[in-house]
Protein chains: 2
Amino acid sequence: MLGETAERILTTARSLMMERGYSAFSYADISEAVEIKKPSIHHHFPTKAGLVVAVLQAHRERLIQGTAAIDSKIESPLGRIQAYVQHWEGCIRDKTVPFCIAALLAAEMPSLPEEVRAEVTLHFNALEDWLERTLKAGVKKHEIQLQNSAATEAQALMAMVHGAMLSARALSSGEVFKTITDAALKRLSAPKR
Amino acid sequence: MLGETAERILTTARSLMMERGYSAFSYADISEAVEIKKPSIHHHFPTKAGLVVAVLQAHRERLIQGTAAIDSKIESPLGRIQAYVQHWEGCIRDKTVPFCIAALLAAEMPSLPEEVRAEVTLHFNALEDWLERTLKAGVKKHEIQLQNSAATEAQALMAMVHGAMLSARALSSGEVFKTITDAALKRLSAPKR
DNA sequence: GCATCCAAACCGACTAGTTGGTAGTCTACT
DNA sequence: AGTAGACTACCAACTAGTCGGTTTGGATGC
């Protein structure tokens, strides 16, 4: 298992990356926040790439746990997707977790170490999988209507959520995220019958 | 007007930023590509923030010129939006201009200098304006159907395009951009009548 | 025609600070 | 005695940016 310090380093790295991405945060930043000297961080995480990979693995783990929790709590597929989007809405509103790390790193992709790039791709795949599964279930239950294949609609939905995060940052407005995602959800729901 | 060297610095900075964003490119990188010594770059652009602002202003100028060209060449609003999306599709395919700089910098927003941030916001506003105008014109001509206000749909469309760029990077697949944007365009077009 | 002046362009050498990472040491706990 | 965690003291490489100085191609005055 990971020690307490390693855990603190991870969560600090996470929030720094959420704010700045990969290249704009440093071991010195973590050192300051965790109140531990820089070489001690290297003791727990020898390289920056390794640390970031660990953060991304935890991030993906949270995604898998989170969607599983949604699946077990909410029966309706449309409701599940709503819950997913609302999760981010809340995060963006209270500014604790203002961005999906994987989406952020996707922007920096060409300047990332290979190991990190692989992790980003994995996250996108995992999210796409869950969205696709959930959309398909919604169609089967006549709760969701799609104009394209579930795979395509899952990709589109994911892009919309990530793009909405970009817009929220660019316009420094949490409002715009809700506006965009509400419109996307509205489009998905099948007319009552 | 800008000299030839300044112009070369600008285009080099542009492509470096397109690849890496703000914090992951340096004057040394430009120096190497332009084959000019580092202090000479400072002669033309005293600060990095200033250089990036210049790049963004040119980028926005191109957006305005580009959309104006589309407006004058293409009569149909839906066709105009298609042309806009296809422009990026082409850029992503041949990898010359693989990302909208403003969208890339939006991800880094919190670590950007103020002046740069303002420029990013301006770009988002300019694009949103054009999309909204064009969508409204399409509705008037019964070419485009919207489920929400034109402003909302413009935001959603913009988010989708930007998110599709992120996905294309994350999955290193130009295909996925086309898949996503095709679906978005399909949704916009009103049923024939 | 020719000296003078000027400004733009450029460059070598440098600064102060930061980057990720290393070596070796001390300490506390098992 | 061994080990995990933390430390001080480094390192080479890189960061944006500065300084003083040279080269260049015109303009201007005579």
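Residues numbered from 1 in each chain as written. Chains lettered and ligands numbered in written order. Predicted model: local features only at pLDDT ≥ 70, side-chain atom pairs only at ≥ 80, totals over all residues. Heavy atoms only, no water.

Which residues make up the overall build of chain A, and what are the values?
Counting its secondary structure elements, chain A contains 9 helices and 0 strands. Sequence-ordered secondary structure for chain A, helices as α and strands as β, is α-α-α-α-α-α-α-α-α. Relative to a compact globule of 193 residues, whose C-alpha radius of gyration would be 16 Å, chain A shows 18 Å and is just as compact. Once local pairs closer than 6 in sequence are excluded, the contacts in chain A between residues at least 24 apart make up 65%. Of the roughly 8800 Å² of accessible surface on chain A, 52% is carried by carbon and sulfur atoms. With 23 positive and 22 negative side-chain charges, chain A shows a spacing of 4 Å between the two charge centroids. (Helix = DSSP H or I, 4+ residues; strand = E, 2+ residues; numbered from the N terminus. Rg over C-alpha atoms; globule rule 2.2 N^0.38 Å. Contact = heavy atoms within 4.5 Å. Areas by Shrake-Rupley, 256 points an atom, 1.4 Å probe, with all protein chains shown as cover. Lys, Arg positive; Asp, Glu negative; His and termini not counted. Charge placed at Lys NZ, Arg CZ, Asp CG, Glu CD.)

How would you summarise helix α5 (residues 77–94) of chain A if you had to cite specific residues and measurements?
Helical geometry: 3.6 residues make up each α-helical turn, so side chains three or four residues apart lie on a common side. Residues and elements named next belong to chain A. With 18 residues, α5 ought to run about 26 Å at 1.5 Å a step, and its terminal C-alpha atoms sit 26 Å apart, in line with that. Summarising burial for α5: 13 of the 18 residues are buried, a large majority. At the exit of α5 stands Lys 95, carrying a positive phi of roughly 65°. (Expected span 1.5 Å × (residues − 1). Buried < 20%, exposed > 50% of the residue type's maximum accessible area, 1.4 Å probe, protein only.)

So what's going on with the packing of aromatic side chains? Residues and values would help.
According to the stated counting rule, one finds 2 aromatic pairs over all chains in the structure shown. Note on Tyr84(A) and Trp130(A): the rings are 5.8 Å apart at their centroids and 55° apart in plane angle, and the pair reads as tilted. Of the two residues, Tyr84(A) sits in helix α5 while Trp130(A) sits in helix α7 (residues 114–140), which places them 46 residues apart along the sequence. Since its relative accessible area comes to 8%, Tyr84(A) is described here as buried. Since its relative accessible area comes to 3%, Trp130(A) is described here as buried. Lying across the ring of Tyr22(A), Lys48(A) places its NZ or CZ 4.4 Å from the centre. Between the NZ or CZ atom of Lys48(B) and the centre of the ring of Phe25(B), over which it lies, the distance is 4.7 Å. (Phe/Tyr/Trp six-rings, centres within 6.5 Å; stacked < 30°, edge-to-face > 60°. Lys NZ or Arg CZ within 6 Å of the ring centre and 35° of its normal.)

I'd love a proper account of the relation of the copies chain B and chain A, names of residues and values included.
You can overlay chain B on chain A at an RMSD of 0.0 Å; the transform is a turn of 180° with a shift of 0.0 Å along its axis. The two molecules are tied by a two-fold rotation axis, judged by turn and shift. Take the interface residues of chain B: 100% of them recur as interface residues in chain A, which is what a same-surface contact looks like. (Least-squares fit on C-alpha atoms with pLDDT ≥ 70 in both.)

Pulling in residues and values, what's your account of the pattern of salt bridges?
Evaluated as defined, the whole model comprises 14 salt bridges over all chains. Its salt-bridge partner being Arg187(B), residue Glu153(A) comes within 3.2 Å of it at the nearest N-O pair. In this pair, Glu153(A) is assigned in helix α8 (residues 150–170) and Arg187(B) in helix α9 (residues 174–188), connecting two distinct chains. Relative accessible area serves as the criterion here: at 5%, Glu153(A) is assigned to the buried category. Each of the salt bridges in this network shares a partner with another, and the network as a whole consists of Glu89(A), Lys178(A) and Asp182(A). (Salt bridge = Lys/Arg side-chain N within 4 Å of Asp/Glu carboxyl O.)

Can you tell me about the protein's contact with DNA strand C, naming the residues and giving the values?
Surrounding DNA strand C, one finds 17 residues, the nearest of these being Ser26(A), His42(A), Lys48(A), Lys37(B) and His44(B). A share of 58% is what sugar and phosphate atoms reach among the atoms of DNA strand C within 4 Å of the protein. A distance of 2.7 Å separates a phosphate oxygen of DNA strand C from a polar backbone atom of Lys48(A). At a separation of 3.4 Å, a phosphate oxygen of DNA strand C approaches a polar side-chain atom of His43(B). Those elements that provide at least two residues to the surface near DNA strand C are α2 (27–34) and α3 (38–44) of chain A together with α3 (38–44) of chain B. The element that contributes the greatest number of residues to the surface near DNA strand C is α3(B), accounting for 4 residues. In terms of residue class, the surface near DNA strand C is built from 7 nonpolar, 7 polar and 3 charged. (Near = heavy atom within 4 Å. Polar contact = N/O pair within 3.5 Å; in protein donor to acceptor, adjacent residues only side chain to side chain. Nonpolar A, V, L, I, M, F, W, Y, C, P; charged D, E, K, R; others polar.)

Before we move on, can you summarise the packing of α8(A) against helix α7 (residues 114–140) of chain B with the specific residues and values?
Viewed as axis vectors pointing N to C, α8(A) and α7(B) meet at an angle of 125°, and their least axial separation amounts to 9 Å. One finds that α8(A) runs oblique with respect to α7(B). The segment α8(A) lies against α7(B), with Leu166(A), Ser167(A) and Ala170(A) engaging Val120(B), Thr121(B) and Phe124(B). Along the lines of polarity and charge, the residues of the contact of α8(A) with α7(B) split into 4 nonpolar, 2 polar and no charged. (Axes fitted to C-alpha atoms, helices over the stretch in contact; angles between N-to-C directions. Parallel < 35°, antiparallel > 145°, perpendicular 65-115°, else oblique.)

I'd love a proper account of the interface of chain B and chain A, names of residues and values included.
In this complex, chain B contributes 38 residues to the contact, which on the side of chain A involves 38 residues. Of the roughly 3500 Å² buried at the junction of chain B and chain A (both faces included), carbon and sulfur atoms supply 65%. Counting the surface chain B buries against chain A, the share from its top three residues, Leu166(B), Ala170(B) and Arg187(B), is 17%. The interface formed by chain B and chain A holds 2 salt bridges in total. (Buried area = accessible area lost by both parts, 1.4 Å probe.)

Pulling in residues and values, what's your account of the protein's contact with DNA strand D?
Among the 16 residues in the neighbourhood of DNA strand D, the closest are listed as Thr5(A), Lys37(A), His44(A), His42(B) and Lys48(B). In DNA strand D, the atoms that sit within 4 Å of the protein are 60% sugar and phosphate, with bases accounting for the remainder. Lys37(A) is positioned with one of its backbone polar atoms (N or O) 2.9 Å from a phosphate oxygen of DNA strand D. Between DNA strand D and Tyr27(B), the relevant distance is 3.0 Å, taken from a phosphate oxygen to a main-chain nitrogen or oxygen of the residue. For the surface near DNA strand D, the secondary structure elements donating two or more residues are α3 of chain A together with α2 (27–34) and α3 of chain B. The element that contributes the greatest number of residues to the surface near DNA strand D is α3(A), accounting for 4 residues. Looking at the surface near DNA strand D residue by residue, the class counts come to 6 nonpolar, 7 polar and 3 charged.

Go over unusual backbone geometry with me, naming the residues and quoting the values.
We note that Ser172(A) has phi near 35°; this positive angle belongs to a residue other than glycine. Among the secondary structure elements, Ser172(A) is positioned in the loop between α8 and α9 (174–188). Phi is positive for Glu35(B), which is not a glycine, with a value near 60°. Summarising the element assignment, Glu35(B) is placed in the loop between α2 and α3. The exposed category is assigned to Glu35(B), whose relative accessible area is 71%.

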